[in-house]
Amino acid sequence: MKESKIILNSIDDVKEFVGEANRCVFDVDLLSGRYAVDAKSIMGIFSLDLTKALKMVIHSDGGDADEFLDNIKRFIAE
């Protein structure tokens, strides 16, 4: 499992992020406060407070997670 903070500033950012998440065979979750949603759900993401950084949890430790992180590096807040 890997964790990171991400920032999604626009509708296009959310669409691009969800597209990348849907290419993954593993689960990716986004957490905002006490709420957790599936990162593959565009509606779920829009239910979160996007004015703040979101905690992303990737449920994979393999190289495929590294590839996903590389593809979304522009959203990573750290």
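These numbers come from a predicted model, not from an experiment.

## As for the overall build of the chain
For the chain, the count of helices and strands is 3 helices and 4 strands. When the elements of the chain are put in sequence order from the N terminus, they spell out β-α-β-β-α-β-α. What you see for the chain is a C-alpha radius of gyration of 11 Å, in line with the 12 Å of a compact globule of 78 residues. Along the first, second and third principal axes, the C-alpha set of the chain runs to 30 × 25 × 25 Å. Across the 78 residues that make up the chain, the buried fraction comes to 37%. Charge separation in the chain, taken as the distance between the mean sites of 10 positive and 15 negative side-chain charges, equals 5 Å.

## Description of the pairing of strand β3 (residues 35–38)
The sheet contact formed by strand β2 (residues 28–32) and β3 spans 4 bridges and is antiparallel. If you follow L30 over to β3, its bridge partner there is V37. In this structure, the hairpin formed by β2 and β3 is closed by a connection of 2 residues, where G33 is found at a positive phi of approximately 65 degrees.

Cut-offs used in this document
- Residues numbered from 1 in each chain as written.
- Predicted model: local features only at pLDDT ≥ 70, side-chain atom pairs only at ≥ 80, totals over all residues.
- Heavy atoms only, no water.
- Helix = DSSP H or I, 4+ residues; strand = E, 2+ residues; numbered from the N terminus.
- Rg over C-alpha atoms; globule rule 2.2 N^0.38 Å.
- Buried < 20%, exposed > 50% of the residue type's maximum accessible area, 1.4 Å probe, protein only.
- Lys, Arg positive; Asp, Glu negative; His and termini not counted.
- Charge placed at Lys NZ, Arg CZ, Asp CG, Glu CD.
- Pairing = 2+ DSSP bridges.

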